[in-house]
Amino acid sequence: MNRVYVCSCFGVTEKQVMAHADAGACTPRQIASACKAGTDCGSCVRRIQAILGRGNCPRRELVDQGKPALLATDAADTAGTVDAAVGMPEAA
């Protein structure tokens, strides 16, 4: 399997970033909150922005209005889904 790493500091792949985006992350900051990508040296932030720019963010309006894109219930509901999508065990 060919892995394309977006963040070499934390070993985050393009597939992981896309999975978090599919779960509702619309900004590099939300991606950073989900998997730490972009929080160390910062060289991957532009790449993350490019990946996020490719997709359709269903919650973009909320972000533009200054509202949280992920509600606490959404984060809890999607945590296992994202972990499964990126090959990580579900949180207990």
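Quick notes on the rules
- Residues numbered from 1 in each chain as written.
- Predicted model: local features only at pLDDT ≥ 70, side-chain atom pairs only at ≥ 80, totals over all residues.
- Heavy atoms only, no water.
- Helix = DSSP H or I, 4+ residues; strand = E, 2+ residues; numbered from the N terminus.
- Buried < 20%, exposed > 50% of the residue type's maximum accessible area, 1.4 Å probe, protein only.
- Contact = heavy atoms within 4.5 Å.
- Areas by Shrake-Rupley, 256 points an atom, 1.4 Å probe, with all protein chains shown as cover.
- Arc of directions from axis to C-beta.
- Salt bridge = Lys/Arg side-chain N within 4 Å of Asp/Glu carboxyl O.
- Core = buried A, V, L, I, M, F, W, Y, C linked by side-chain atoms within 4.5 Å.
- pLDDT = per-residue confidence, 0-100.

Draft legend 1. Main features of the overall build of the protein. Looking only at helices and strands, the protein features five helices and two strands. Each helix and strand of the protein, ordered N terminal to C terminal, gives the series β-β-α-α-α-α-α. When each of the 92 residues of the protein is scored for burial, the buried share is 33%. The contacts in the protein between residues at least 6 apart in sequence include a share of 53% that link residues at least 24 apart. Taken as a whole, the protein presents about 6,100 Å² of accessible surface, with 51% of it coming from carbon and sulfur.

Draft legend 2. Quick look at helix 2 (residues 28-35). All of the buried residues along helix 2 are Ile31, Ala32 and Cys35. When helix 2 is viewed along its axis, its buried side chains cluster within an angular range of 100 degrees and face the same direction. Away from the buried face of helix 2 by more than 90 degrees, exposed residues Arg29 and Ser33 are located. In the stretch just after helix 2, Lys36 is the one whose phi turns positive, near 75 degrees.

Draft legend 3. Seen up close, the environment of Val45. Summarising the element assignment, Val45 is placed in helix 3 (residues 45-54). Along the primary structure Val45 and Cys7 are separated by 38 residues, whereas in three dimensions their C-alpha atoms are 8.5 Å apart. Not counting residues up to four positions away in its chain, the partners in contact with Val45 are Pro28 and Gly38.

Draft legend 4. Highlighting the pattern of salt bridges. Counted according to the given criterion, the structure contains one salt bridge. With its nearest N and O atoms 2.2 Å apart, the salt bridge here joins Glu14 to Arg47. One end of the pair, Glu14, is in helix 1 (residues 14-22); the other, Arg47, is in helix 3, and 33 residues separate them in sequence.

Draft legend 5. Spatial organisation of the nonpolar core. In this structure, Val6, Val12, Val17, Ile31, Ala37 and Ile48 are the most contacted members of the largest nonpolar core, which totals 13 residues. Looking at which element gives the most residues to this core, the answer is helix 3, with three residues. Val6 has contacts with Val12, Thr13, Glu14, Val17, Cys44, Arg47, Ile48 and Ile51, leaving out every residue within four places of it along the chain.

Draft legend 6. Up close: the confidence of the model for the protein. Mean pLDDT over the protein stands at 76; residues scoring 70 or higher make up 61%. Low confidence marks residues 72-92, where pLDDT is under 50. Its contacts with residues over four positions away, or in another chain, come to 17 contacts.

Draft legend 7. Structural detail: the environment of Arg3. Position of Arg3 relative to the elements: it lies in the segment before strand 1 (5-7). Spatially, the C-alpha atom of Arg3 lies 7.8 Å from that of Glu14, the residues being 11 residues apart in sequence.

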